[in-house]
Amino acid sequence: MNHSLKIFTCTFPAFLHLSLSEITMGTGHILWLFALFSTLRGTLATSHTHLQMTENAIIQATTATCRSRALRTGKAFVLPPGPVSAEALVKACTSSASAISFRMAINEISLTKGSTRLDDRQSVTFAQWRKLITDNIAAVKSSIQKKNFEAAREKLGEVLHALQNVYGHGDPIELESKLPYSTLIRLAVPIKNDLTSWVRPTPTISKEGQEIATKASVDLLQDIRAAAGDADFLRLMRMSQTSIAMCFVIDTTGSMSDDISFVRQTTATIIDSKRGTPDEPSDYYLVPFNDPAFGPFFKTTVAGEFQTRINSLTADGGGDEPEMSLSALQLALTSTPPHSEIFLFTDASAKDISLKSTDLVLIEKTKSTVNFMLTNPLGVRRRRNADEQLRSDEQEHEHEHYERERRSLSNPSYRVYEELAHASGGLAIEVTKTTLPRATSIITDASSSAKVTVFQAVRDRSEQFPFHMDTTLSHLAIYITGGHITFTITSAMGVSQTSTQTTGALGTINKVGNVYTMHINADVKKKGLWVIKVQASQSYTVKVVGQSPIDFLYNFVEVNEGSDSFVVLDSRPSASAKATLLVAITMPDSVKVTEVAMVPEHGNIVLASLKKTEMESYLATVSRVPEGSFAVQLKGTILKGSFEMFQRQSSTQLRASGVTVTAETTANLKPGVPLNIPFTVATARLGGRFIVRARNDRNFRLSFPSKLTLSAGGHTESTLTIVAPAGTPSGTDVTLTIEVQGPGGDINYAVLRLTVLAEVTDNSPPDCQVTSVDAECFGDCNLSTWKLFAELTDGKGSGIKTITVQQGTGTLATTVTRQGGVDVTQATYSASCCSEKVELAAVDAAGNVGTCSWAIKKESFWHPYCS
């Protein structure tokens with residue numbers, strides 16, 4: 001028996017060392033023989049939680065992807081010494097993405113509430129846990145194939161948390177090996193363990209378990225990277241793009257031809273002016289609506305495709321005045337990424353006003369900003385005759401103001417747009433069709449990178465508003481909306497400009513419809529306390545925005561007393577108890593957070609107590625949430641330079657509730673099979689009859705009780721059933737909202753994003769055999785090349801879909817032949833002798849990944865159970 005040492009690579013960047021005798025003993029005995037992962041630019045923290053493990057794993061896997069891509073393209077990839085931060089990785093990897101984008105992706109994955117759904121069970125079998133993990137891996141891959149990256153991130157959070165729990169809490173895992181247990185993520189690998197053995201969660205995760213769980217998480221992410229390809233993996237991590245997305249929701253009824261023409265022109269202007277710049281949009285979204293139809297939702301990353309789709313829109317139909325605007329908005333909110341900027345164009349009221357509460361729920365959940373471009377100030381559609389067309393600009397302005405006043409007092413279908421805009425931190429812009437083109441700058445400003453909100457307020461009385469500016473801010477703009485208002489803006493240097501001064505010492509003021517926009521001059525000194533003084537007797541908004549690398553993200557969480565663990569709330573916080581925010585800030589090494597507060601529309605600011613975590617984030621706790629709507633405000637100090645103060649604020653208006661709604665499921669939707677989702681409703685206040693509403697953005701069939709009865713301070717459990725039609729493709733995502741309204745109108749909600757996953761019948765990865773290697777590398781490696789020849793096949797499986805180079809800087813050529821009734825791919829890899837290692841990844845149509853590796857000067861071979 002030959003006991004010589006064989007060396008081969010199964011998953012980048014690990015190397016596995018086996019003797020021939022160990023291999024012939026059977027696959028069950030080699031499962032623990034995973035090699036240690038080679039060191040990546042990032043280290044594990046001393047105290048690990050699921051958040052820490054997930055973030056560390058994401059940074060390690062993304063670092064490997066960026067480094068490999070840089071080597072293949074001949075670009076530099078340089079990281080600073082020491083542990084790698086999200087900000088440093090973004091800077092080294094790409095010039096287009098922003099740190100806030102990558103941080104958003106990390107949060108979306110690591111803070112998924114669904115990732116904790118097995119934690120409360122007393123115990124589950126090893127087979128149950130493995131089934132949860134492998135099903136969700138398949139769901140992640142299917143979602144990525146459908147370009148549903150938001151659904152993929154949520155499912156990825158669930159599967160990473162479940163995987164980490166096995167190593168952190170599970171007693172059947174032999175932690176002494178210090179190596180990941182590969183069969184947990186690969187169904188084709190035989191299991192040595194007893195499938196009926198129990199995994200019993202415990203309150204804490206051991207240090208050894210944390211280290212192995214992080215390694216296993218990197219292994220899983222590398223598998224997903226291989227299945228998705230580097231480009232889509234980086235999109236999953238928001239690393240291949242800016243955070244800028246253009247989303248237009250457009251009324252296409254007969255009277256909208258002028259508006260559609262304006263959107264065409266605006267789109268062309270933005271695309272042409274920002275092509276090749278850091279402000280170039282990375283994603284384009286379009287939702288047309290008419291009556292009674294709305295949609296379909298269109299998305300693309302190609303500017304030309306978006307322009308073509310916009311140009312194809314025509315205005316037709318819509319005999320009666322109300323249209324399906326809120327249905328179209330719901331589709332946009334569920335289909336675009338969180339924190340999107342959405343523009344809705346219409347000249348009609350909402351026919352589907354019953355969706356107002358659902359859209360408010362989705363705005364709070366996604367933290368997206370919605371702006372309304374309302375181009376029919378009369379509130380009814382009519383044909384203007386020649387005499388009306390000759391009305392002077394002054395007469396039209398006066399008539400517009402009168403009708404706006406009348407509408408705001410008597411037409412609730414129009415007020416809903418203003419309410420939704422206020423809730424999202426957006427603008428409700430009322431203009432005529434002739435003045436609409438003057439609003440182009442508002443849309444252009446919104447499609448800028450690194451945009452932050454410095455201050456925002458909604459008021460119905462005269463007031464003055466102080467706020468802090470800092471020197472990191474650029475491209476500053478102040479928006480003030482409302483009728484019959486005057487204002488004065490005073491800088492920190494004491495320089496003032498009034499609303500009547502179109503051009504002044506501070507900037508230029510433009511008025512379009514009901515919106516004043518001031519662009520601050522670039523040479524104005526910004527540092528210090530500014531004040532805006534507004535005189536008004538009606539409702540108005542004030543918003544100050546700019547571009548800056550300093551921003552923050554936040555989520556309400558429920559902290560488990562006595563431990564550092566918490567659950568992210570998918571609903572409004574309780575109105576009768578203390579509440580905690582998890583706050584993450586960009587550039588954590590350059591700033592210090594000194595204050596987090598909840599700022600209500602009316603009443604006093606509520607300051608939070610701060611506790612800094614080991615992840616450079618903060619837990620901000622208040623004893624009681626303010627009544628009514630409120631925003632989150634953050635203040636701090638910039639530690640470099642002059643140690644100046646900075647201020648940021650959330651755009652989204654939030655609310656607390658005396659009703660609690662929780663809904664959880666670990667399952668995916670199977671086409672044609674009903675899925676039961678249990679949900680719980682509790683009240684901290686009045687008892688009585690509670691109204692239940694549930695909707696989804698795919699119009700899948702739902703059944704649920706329309707009313708529930710609760711006693712004061714009580715709770716009850718119920719079930720909702722959803723059915724995806726037979727034939728629904730895997731990877732289709734659906735957003736489900738469950739709203740419960742208590743006595744007195746108090747509303748809370750739960751939002752679930754579900755993924756359709758058909759039964760997977762192919763669990764085996766493609767097979768690879770290296771047939772020969774031609775390598776004569778001597779002297780200067782730049783002067784010689786080497787070649788690898790391999791055969792790859794998926795046998796009777798779903799068939800190889802892609803073959804890519806995961807590691808190595810060479811080129812790959814493939815040809816496919818039919819042998820013995822199956823397709824066989826002949827692969828030839830050629831590289832410089834300076835590039836000594838290669839890893840090929842073969843992905844079949846079911847998303848299974850097989851990797852094949854070789855290193856010149858080292859004997860190597862392939863084993864399918866290692867992939």
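Everything quoted here is computed from the prediction, not taken from an experiment.

**Q** I'd like a description of the overall build of the protein chain, backed by residues and values.
**A** When its secondary structure is counted, the protein chain shows 16 helices and 43 strands. In the protein chain, buried positions account for 57% of the 867 residues. When contacts within the protein chain are restricted to residue pairs at least 6 apart in sequence, long-range pairs at least 24 apart make up 74% of them. Only carbon and sulfur atoms are counted for the fraction: they give 52% of the accessible area of the protein chain, which is about 34500 Å².

**Q** Quick rundown of the environment of Tyr 829? Include the residues and the values.
**A** On the secondary structure map, Tyr 829 appears in strand 41 (residues 822-832). Judged by relative accessible area, Tyr 829 falls into the buried class, the value being 0%. Along the backbone, Tyr 829 and Gly 810 are 19 residues apart, and their C-alpha atoms lie at a distance of 6.6 Å. Separated by 3.4 Å, the side chain of Tyr 829 and the backbone nitrogen of Thr 809 make a polar contact. At 2.9 Å, the side chain of Tyr 829 and the backbone nitrogen of Gly 810 are in polar contact.

**Q** Tell me about empty space enclosed by the protein, and please be specific about residues and values.
**A** All told, the structure shown has 14 cavities of 30 Å³ or more when counted by the stated rule. The space that makes up the largest cavity amounts to roughly 740 Å³. Lining the largest cavity are 35 residues, with Lys 365, Thr 366, Lys 367, Asn 555 and Asp 570 positioned closest to its centre. Of all elements in the fold, only helix 4 (99-110), helix 6 (149-169), helix 11 (325-335), helix 12 (356-366), strand 20 (552-559) and strand 36 (747-755) reach the threshold of two or more residues within the lining of the largest cavity. Looking at the lining of the largest cavity residue by residue, the classes come out as 15 nonpolar, 8 polar and 12 charged.

**Q** Can you explain the pairing of strand 17 (residues 515-520)? Please cite residues and give values.
**A** Most of strand 17 sits out of view: 5 of its 6 residues are buried. Pairing between strand 13 (residues 474-481) and strand 17: 5 bridges, direction antiparallel. By the bridge assignment, Ala 477 is partnered in strand 17 with His 519. Pairing of strand 16 (residues 507-512) with strand 17 involves 6 bridges; the strand directions are antiparallel. Note that in strand 17 the partner of Lys 511 across the bridge is Tyr 516. Between strand 16 and strand 17, which pair antiparallel one after the other, the connecting turn spans 2 residues, and Gly 513 there sits at a positive phi close to 60°.

**Q** Give a description of the nonpolar core that names residues and reports values.
**A** Counting residues in hydrophobic clusters, the biggest one holds 48 residues, and the most contacted among them are Phe 102, Ile 133, Leu 156 and Met 237. Listed by contribution, the elements that provide at least two residues to this core are helix 2 (50-73), helix 3 (86-93), helix 4, helix 5 (126-145), helix 6, helix 7 (207-228) and helix 8 (230-236). Residue contributions to this core peak at 9 residues, all from helix 6. Look past the residues within four positions of Met 237 in its chain and what remains in contact with it is Ile 58, Thr 62, Ser 101, Phe 102, Ala 105, Ile 109, Leu 156 and Leu 221. Counting 32 residues, the second largest nonpolar core, distinct from the first, contains Phe 298, Ile 310, Phe 345 and Ala 439.

**Q** Account for the sheet that holds strand 10 (residues 428-430), with residues named and values stated.
**A** For sheets, the rule is that strands pair by backbone hydrogen bonds, running either parallel or antiparallel. Pairing is mixed in the open sheet, where 6 strands are placed in the order 7-6-5-8-9-10. Two strands in the sheet have a free side with no partner beyond their single neighbour: strand 7 (298-300) and strand 10. Across this sheet, the average inter-strand angle for adjacent strands is 15°, counted without regard to direction. Pairing geometry for strand 9 (residues 369-374) and strand 10, over 3 bridges, is parallel. Across the sheet, the residue bridging to Met 373 is Ile 429, located in strand 10. On the sheet, helix 9 (residues 257-274) packs against strand 5 (245-251), strand 6 (283-289) and strand 8 (341-346) and is oriented at approximately 170° with respect to strand 5.

**Q** Give me the side chain of Asp 230: which residues, what numbers.
**A** Among the secondary structure elements, Asp 230 is positioned in helix 8. The contacts of Asp 230, once residues within four sequence positions are left out, are Thr 65, Arg 72, Arg 225 and Gln 806.

**Q** Let's hear about the packing of helix 5 against helix 7: which residues, and what values?
**A** Between helix 5 and helix 7, whose axes approach to 10 Å, the crossing angle comes to 35°. As for the relative orientation of helix 5 and helix 7, their crossing is right-handed in sense. Contacts between helix 5 and helix 7 pair Ile 137, Val 140, Lys 141 and Ile 144 from the former with Leu 220, Asp 223, Ile 224, Ala 227 and Ala 228 from the latter. Within the contact of helix 5 with helix 7, the residues separate by chemical class into 7 nonpolar, no polar and 2 charged.

Each value, and the rule that gives it
- Residues numbered from 1 in each chain as written.
- Predicted model: local features only at pLDDT ≥ 70, side-chain atom pairs only at ≥ 80, totals over all residues.
- Heavy atoms only, no water.
- Helix = DSSP H or I, 4+ residues; strand = E, 2+ residues; numbered from the N terminus.
- Buried < 20%, exposed > 50% of the residue type's maximum accessible area, 1.4 Å probe, protein only.
- Contact = heavy atoms within 4.5 Å.
- Areas by Shrake-Rupley, 256 points an atom, 1.4 Å probe, with all protein chains shown as cover.
- Polar contact = N/O pair within 3.5 Å; in protein donor to acceptor, adjacent residues only side chain to side chain.
- 1 Å grid on protein atoms, 1.4 Å probe; cavity = no way out; pocket = protein on both sides within 12 Å on 5 of 7 lines; lining within 4 Å.
- Points joined across faces, edges and corners; volume = space filled by probe spheres on them.
- Nonpolar A, V, L, I, M, F, W, Y, C, P; charged D, E, K, R; others polar.
- Pairing = 2+ DSSP bridges.
- Core = buried A, V, L, I, M, F, W, Y, C linked by side-chain atoms within 4.5 Å.
- Axes fitted to C-alpha atoms, helices over the stretch in contact; angles between N-to-C directions.
- Left-handed = near helix turned anticlockwise from the far one by under 90°.

Remember that the coordinates give geometry; whether it matters functionally is a separate question.
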